[in-house]
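Now for the letters of each chain:
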Amino acid sequence: MNVTDRFLRYVKFDTQSDELTNLTPSTPGQYKFAQALEKELQELGLQEITLDENGYLMATLPANTDRADVPVIGFIAHLDTSPDMSGHNVKPRIVSDYDGKDIVLNAEQGIVLSPREFPELLHYEGQNLIVTDGTTLLGADDKAGIAEIISAVVYLQNHPEIKHGKIRIAFNPDEEIGQGAHKFDVERFDAKWAYTMDGGEVGELEYENFNAAVARVTFKGRNVHPGYAKHKMINSIRIANQFILMLPRWETPEHTEGYEGFYHLVQIEGSVESTTLTYIIRDHDRDRFERRKKELEHLVRKTNNEFPDCCSIDIKDQYYNMREKVEPVQYIVDIAEEAMRLAGVTPKVQPIRGGTDGAQLSFKGLPCPNIFAGGLNFHGRYEFVPIPSMLKARDVIVEIARLVNDKA
């Protein structure tokens, strides 16, 4: 079974995560997928296979060298897909030798993947692409990563001439809701460092990510019959709207790039009596990140000056920029860069405009840069993955294993 076959099989598992269940894994489909992978790893003859009650699957490819100085390294991918769009009954399709034109995903519903809206498609002209039928996401985030890791392990098993140390692999739940590393047992994983295979297009290599927090701003109102409401009604929806307009208009995801941070309003729930705004706060720079949180608190105080005791805020940090934990071991990034070049890939070292399990794992003592898995347009119906990109990701894993042995 090759990387494409594995991927096409894996995306049939419905593994959307759900932050409202307060369970780990947050949905039963993730555990079913982990059990299927556990069986596959057993059939491949891997060792030290463990699947705990929280859905964390770990396994070992034993070293094929007698050298004791080769460090144990790991490769990690997540089981879940985004709750932003359905992952039920995914129907992948291979577009052979993509011709650079529109791809009709669903003729009945008029859903088209077009290079006019997604110009990055043209980078993959002539390649075989895997697309959706337009009614679900695809799941390349991160089932492509899982397929690449297992395929690399099989490649190393079939090529004993490639010497490598002990390699640990892990597949975890709930990355998409920010909880993938919460119950990850770093001590049991027992690697010196690892790589998450969770990046986007071919060549991406990331060891910087956003500092992240979620803020819930609640507005209390007073409902009175609108015909008799003068000087009595307090409309929490209107006050919430006023609050929204006080934030910088251009500091939003749709107006920022690179290292620029933002405030992102992700949900509004409200009535005259009560309205809640949910924001995610993102910035690569820790000082600017803290200032963003303080700005929200300042606007809450400003709102309360006009509408006493109307507004309250709850801010929770989610994760921090892994750069401060990876830079002291910069050589693990250098190894990944060299491995990409050996695999015929041009490295694109860039900051993640988001987060990965690797960020939290780095702060738990497992430095963990992020490597491309090959997919594009994650979390929606226009997601696709070029098959050559998955093959390159597999090759990068193999080259990392080789280099770690050679450089020990």
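For clarity, every value in this text was computed on a predicted model and none was experimentally measured.

**Considerations on the pairing of strand β9 (residues 193-199)**
Right, so step 1: Most of β9 is tucked away: seven of the seven residues are buried.
Right, so step 2: Taken together, the four bridges between strand β3 (residues 73-78) and β9 define a ladder with parallel strand orientation. Paired with Ile73 across the bridge in β9 is Trp193.

**Section: the pattern of salt bridges**
Right, so step 1: Tallied over the entire structure, the rule returns 21 salt bridges.
Right, so step 2: One salt bridge connects Arg188 with Asp52, and the closest N-O pair in it is separated by 3.3 Å. Of this pair, Arg188 sits in helix α4 (residues 186-189) while Asp52 sits in the loop between β1 (47-51) and β2 (57-61), placing them 136 residues apart in sequence.
Right, so step 3: Owing to a relative accessible area of 15%, Asp52 belongs among the buried residues under this scheme.
Right, so step 4: In this structure, Glu337 engages Arg341 in a salt bridge whose closest nitrogen and oxygen atoms are separated by 3.5 Å. Taken as a pair, Glu337 and Arg341 lie in helix α8 (residues 331-342) at a separation of four residues, close to a single helical turn.
Right, so step 5: What makes Glu337 buried here is its relative accessible area of 19%.
Right, so step 6: With relative accessibility at 53%, the residue Arg341 sits in the exposed group.

**Here's the deal with the sheet that holds strand β4 (residues 93-95)**
The strands making up a sheet associate through backbone hydrogen bonding, with each pair oriented either parallel or antiparallel.
Right, so step 1: Across the sheet, which stays open at both edges, the three strands sit in the order β4-β7-β17 with antiparallel pairing between neighbours. The open sheet has two edge strands with one neighbour each: β4 and β17 (384-386). Ignoring which end each strand starts from, the neighbouring axes of this sheet average 25 degrees apart.
Right, so step 2: Of the pairings in the sheet, the one linking strand β7 (residues 129-131) to β17 comprises three bridges and is antiparallel in character.

**Concerning the packing of helix α5 (residues 236-246) against helix α6 (residues 286-306)**
Right, so step 1: Where α5 contacts α6, the axes come no closer than 11 Å and their chain directions differ by 140 degrees. Classified by the angle their axes make, α5 and α6 are oblique. Like other packed secondary-structure pairs, α5 and α6 cross with a definite hand, here right-handed. Here Ile239, Gln242, Phe243 and Met246 of α5 lie close against α6, whose contacting residues are Leu296, Leu299, Val300, Lys302, Thr303 and Glu306.
Right, so step 2: Classifying every residue of the contact of α5 with α6 by side-chain character gives six nonpolar, two polar and two charged.

**Here's the deal with the environment of Ala359**
Right, so step 1: Its location among the elements puts Ala359 in helix α9 (residues 357-363).
Right, so step 2: The buried category is assigned to Ala359, whose relative accessible area is 0%.
Right, so step 3: Taking the C-alpha atoms as reference, Ala359 lies 9.1 Å from Phe210; in sequence the two are 149 residues apart.
Right, so step 4: If we skip the residues at most four places from it in the chain, Ala359 touches Asn209, Tyr320 and Met322.

**Considerations on unusual backbone geometry**
Right, so step 1: At the junction of Thr24 and Pro25, the peptide bond is cis and its omega measures out at -5 degrees in the coordinates.
Right, so step 2: Here Pro25 is to be found in the loop between α1 (3-10) and α2 (28-43).
Right, so step 3: Residue Asp142 is bonded to the preceding Asp141 through a cis peptide linkage, with omega at 15 degrees.
Right, so step 4: Relative to the assigned elements, Asp142 resides in helix α3 (residues 140-158).
Right, so step 5: In the Ramachandran plot, Glu48 falls in the positive-phi region, its phi being about 50 degrees despite a non-glycine side chain.
Right, so step 6: For Glu48, a relative accessible area of 43% puts it in the partly exposed group.
Right, so step 7: Residue His379 is not a glycine yet carries a positive backbone phi of 75 degrees.
Right, so step 8: Position of His379 relative to the elements: it lies in the loop between β16 (370-372) and β17.
Right, so step 9: Among the residues examined, His379 registers a relative accessible area of 28% and is labelled partly exposed.

**Concerning α2**
For the α-helix, the turn length of 3.6 residues means that residues three or four positions removed from each other point alike.
Right, so step 1: With 16 residues, α2 extends 23 Å from end C-alpha to end C-alpha; this agrees with the ideal 22 Å at 1.5 Å per step.
Right, so step 2: Looking at the buried positions of α2, the neighbouring elements they touch are α1, β1, β2, α3 and β8 (167-172).
Right, so step 3: At the exit of α2 stands Gly45, carrying a positive phi of roughly 85 degrees.

**Some details on the side chain of Asn54**
Right, so step 1: Here Asn54 is to be found in the loop between β1 and β2.
Right, so step 2: For Asn54, a relative accessible area of 15% puts it in the buried group.
Right, so step 3: Setting aside its immediate chain neighbours within four residues, Asn54 contacts Thr24, Pro25, Pro173 and Lys183.

**Considerations on the pairing of strand β11 (residues 211-220)**
Looking along a regular strand, one sees the side chains alternate between the two faces of the sheet.
Right, so step 1: Taking burial as the measure, the ten residues of β11 include seven buried ones, the bulk of the element.
Right, so step 2: Pairing of β11 with strand β13 (residues 274-283), which is carried by ten bridges, proceeds in the antiparallel orientation. Paired with Phe219 across the two strands is Thr275, which belongs to β13.
Right, so step 3: In this structure, β11 lies alongside strand β14 (residues 311-319), joined through eight bridges in antiparallel fashion. Pairing of Ala212 across the sheet is with Tyr319, part of β14.

**Regarding the nonpolar core**
Right, so step 1: Core analysis: the biggest nonpolar cluster contains 80 residues, and Phe7, Phe171, Ile371 and Ile400 have the highest contact counts within it.
Right, so step 2: Counting residues per element, this core draws most heavily on helix α10 (residues 387-407), which supplies ten residues.
Right, so step 3: In this structure, Phe243, Leu247, Tyr263 and Phe307 belong to the second largest nonpolar core, which totals 19 residues.

Rules of the game
Residues numbered from 1 in each chain as written. Predicted model: local features only at pLDDT ≥ 70, side-chain atom pairs only at ≥ 80, totals over all residues. Heavy atoms only, no water. Buried < 20%, exposed > 50% of the residue type's maximum accessible area, 1.4 Å probe, protein only. Helix = DSSP H or I, 4+ residues; strand = E, 2+ residues; numbered from the N terminus. Pairing = 2+ DSSP bridges. Salt bridge = Lys/Arg side-chain N within 4 Å of Asp/Glu carboxyl O. Axes fitted to C-alpha atoms, helices over the stretch in contact; angles between N-to-C directions. Parallel < 35°, antiparallel > 145°, perpendicular 65-115°, else oblique. Left-handed = near helix turned anticlockwise from the far one by under 90°. Contact = heavy atoms within 4.5 Å. Nonpolar A, V, L, I, M, F, W, Y, C, P; charged D, E, K, R; others polar. Expected span 1.5 Å × (residues − 1). Core = buried A, V, L, I, M, F, W, Y, C linked by side-chain atoms within 4.5 Å.

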